[in-house]
Amino acid sequence: MVTQLALELGGNIAVLGYGLAAIGPGVGVGLIFAAVINGTARQPEAQAKLQSIAWIGFGVTEVLAIIGIALAFVFRASGN
């Protein structure tokens with residue numbers, strides 16, 4: 001009974017952990033594109049270069065969220 005409850009809590013905590021871990025990439029993406037908007041407003045001729053760098057940063061930031069959800073599934077599966 002107690003071990004079953006511990007396993008159920010462990011799986012739920014993994015999902016809760018992913019939810020908290022998703023906040024970081026969300027904030028990161030917001031900061032990346034805020035910087036691009038700010039840089040483009042200050043120097044419009046650099047827009048193409050800033051935008052390409054922003055998409056690379058966006059991809060790297062989103063990889064963190066994908067790794068986080070994969071680890072949530074791994075930890076949830078290992079708890080069963």
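Because the structure is predicted, anything quoted here is derived from the model rather than measured.

## Brief notes about the overall build of the protein chain
Consideration 1: What the protein chain contains, in helices and strands, is 3 helices and 0 strands.
Consideration 2: Within the protein chain, buried positions represent 15% of all 80 residues.
Consideration 3: For the protein chain, contacts bridging at least 24 residues in sequence account for 73% of all contacts bridging at least 6.
Consideration 4: Of the roughly 5,800 Å² of accessible surface on the protein chain, 75% is carried by carbon and sulfur atoms.

## Re the UniProt feature "transmembrane region" (unreviewed entry) in the protein chain
Consideration 1: Within this numbering scheme, the UniProt entry marks residues 15-41 and 53-75 as carrying the feature "transmembrane region" (unreviewed entry).
Consideration 2: Secondary structure within residues 53-75 divides into 100% helix and 0% strand; the distance between the first and last C-alpha atoms comes to 33 Å.

## Notes on a nonpolar patch on the surface
Consideration 1: Together, Leu16, Leu20, Ile23, Val27 and Leu31 make up a nonpolar patch on the protein surface, roughly 520 Å² of accessible area in all.
Consideration 2: Mapped onto the nonpolar patch, the elements with two or more residues apiece are helix H1 (2-21) and helix H2 (23-42).
Consideration 3: Per-element accounting of the nonpolar patch gives the leading share, 3 residues, to H2.
Consideration 4: Its location among the elements puts leucine 16 in helix H1.
Consideration 5: The class of leucine 16 is exposed, set by a relative accessible area of 54%.

## Details of the packing of aromatic side chains
Consideration 1: In this structure the tally under the stated criterion is 3 aromatic pairs.
Consideration 2: For the pair phenylalanine 33 and tryptophan 55, a centre-to-centre distance of 5.4 Å together with 70° between the ring planes defines the contact as edge-to-face. Highlighted residues: phenylalanine 33 in helix H2 and tryptophan 55 in helix H3 (residues 47-79), separated in sequence by 22 residues.
Consideration 3: The exposure class assigned to phenylalanine 33 is partly exposed, which follows from its relative accessible area of 25%.
Consideration 4: Ring centres of tryptophan 55 and phenylalanine 58 lie 5.6 Å apart, and the angle between their planes is 90°; this geometry places the pair in the edge-to-face category.

## Digging into the side chain of threonine 61
Consideration 1: When you line up the elements, threonine 61 lands in helix H3.
Consideration 2: Residue class for threonine 61 comes out buried when judged on its relative accessible area of 12%.
Consideration 3: In this view, threonine 61 contacts Pro25, Gly28, Val29 and Ile32; residues no more than four positions away in its chain are not counted.

What counts and what doesn't
- Residues numbered from 1 in each chain as written.
- Predicted model: local features only at pLDDT ≥ 70, side-chain atom pairs only at ≥ 80, totals over all residues.
- Heavy atoms only, no water.
- Helix = DSSP H or I, 4+ residues; strand = E, 2+ residues; numbered from the N terminus.
- Buried < 20%, exposed > 50% of the residue type's maximum accessible area, 1.4 Å probe, protein only.
- Contact = heavy atoms within 4.5 Å.
- Areas by Shrake-Rupley, 256 points an atom, 1.4 Å probe, with all protein chains shown as cover.
- UniProt positions renumbered as here; feature names shortened; annotations may be inferred.
- Patch = residues over 30% accessible without salt bridge, like charges linked within 9 Å, V, L, I, M, F, W, Y side chains within 5 Å.
- Salt bridge = Lys/Arg side-chain N within 4 Å of Asp/Glu carboxyl O.
- Phe/Tyr/Trp six-rings, centres within 6.5 Å; stacked < 30°, edge-to-face > 60°.

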